[in-house]
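Chain residues, written in single-letter form:
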Amino acid sequence: MQNDKKYSPEWRALYDLSKGNGLSELKEAQTDASLNKKINWFLKNGAGGVIVMIRDVFGEDSLESFYKFLNYYVSLSDTNGHYHYSDTMKKDIDIIKNASQGIDFDKYVEQLKDELIKQDIEKKKRGI
């Protein structure tokens with residue numbers, strides 16, 4: 001890109017992408033965004049609240065039984081009494097699987113923990 005200084009960072013990034021540069025970072029960012037969105041929904045709007053409710057109503061030990069049930073439920077997908085894939089879920093799995101090759105999931109989860117802590121600190125600063 002000639003006279004690089006007159007272009008905004010966004011245009012330079014688009015130019016680099018058009019040349020095939022930075023695609024792995026873009027792919028990882030898209031994967032992170034999609035996984036983060038799903039995990040945040042799970043934690044804040046979905047199962048996270050149910051897990052806390054089970055713990056608070058039935059005690060800490062009840063979680064072990066519930067986690068065993070969850071393992072059973074997902075262990076033989078698409079069979080009676082187990083999880084059944086929706087078409088949307090199948091597509092989402094394929095997209096994330098293709099985009100997330102090489103991602104260390106344990107490291108990813110640790111980064112999510114750090115992000116949740118940062119989000120809570122920011123909420124407290126804003127009085128939320």
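To keep things clear, this report deals only with the structure shown in the data block. What you see is a predicted model, and the numbers here were worked out from it, not measured in a lab.

## Points about unusual backbone geometry
Then, number 1: Not every positive phi belongs to a glycine, and Asp78 is a case in point at roughly 65 degrees.
Then, number 2: Looking at where Asp78 falls in the secondary structure, it is placed in the loop between α4 (60-75) and α5 (87-99).

## Considerations on a nonpolar patch on the surface
Then, number 1: The grouping of Tyr67, Phe69, Leu70, Tyr72, Tyr73 and Val74 at the surface amounts to a nonpolar patch, some 540 Å² of accessible area in total.
Then, number 2: Mapped onto the secondary structure, Tyr67 falls in helix α4.

## Considerations on the pattern of salt bridges
Then, number 1: Counted by the stated rule, this structure contains 5 salt bridges.
Then, number 2: Notably, a salt bridge pairs Asp92 with Lys38, separated by 2.8 Å at the nearest N-O pair. Of this pair, Asp92 sits in helix α5 while Lys38 sits in helix α2 (residues 23-44), and the two are 54 residues apart along the sequence.
Then, number 3: With its nearest N and O atoms 3.6 Å apart, the salt bridge here joins Glu64 to Lys68.

What counts and how
- Along each chain, residues carry numbers from 1 onward, in the same order as the chain's sequence is written.
- Per-residue local features are limited, in this predicted model, to residues with pLDDT of at least 70; the limit for side-chain atom pairs, both in listing and counting, is 80 or more; totals at the level of whole chains, interfaces and linings are taken over all residues.
- To get the side-chain values, take all heavy atoms of the structure and skip hydrogens and water.
- Where helices and strands are cited, they refer to DSSP runs of H or I of at least four residues and of E of at least two residues respectively, numbered from the N terminus.
- Like charges within 9 Å and nonpolar side chains (Val, Leu, Ile, Met, Phe, Trp, Tyr) within 5 Å are joined into patches, using only residues over 30% in relative accessible area that form no salt bridge.
- Per-residue and other accessible areas were derived by the Shrake-Rupley procedure at a 1.4 Å probe size, with only the shown protein chains allowed to occlude residues.
- The salt bridge criterion pairs a side-chain nitrogen of Lys or Arg with a carboxyl oxygen of Asp or Glu, the two atoms within 4 Å.

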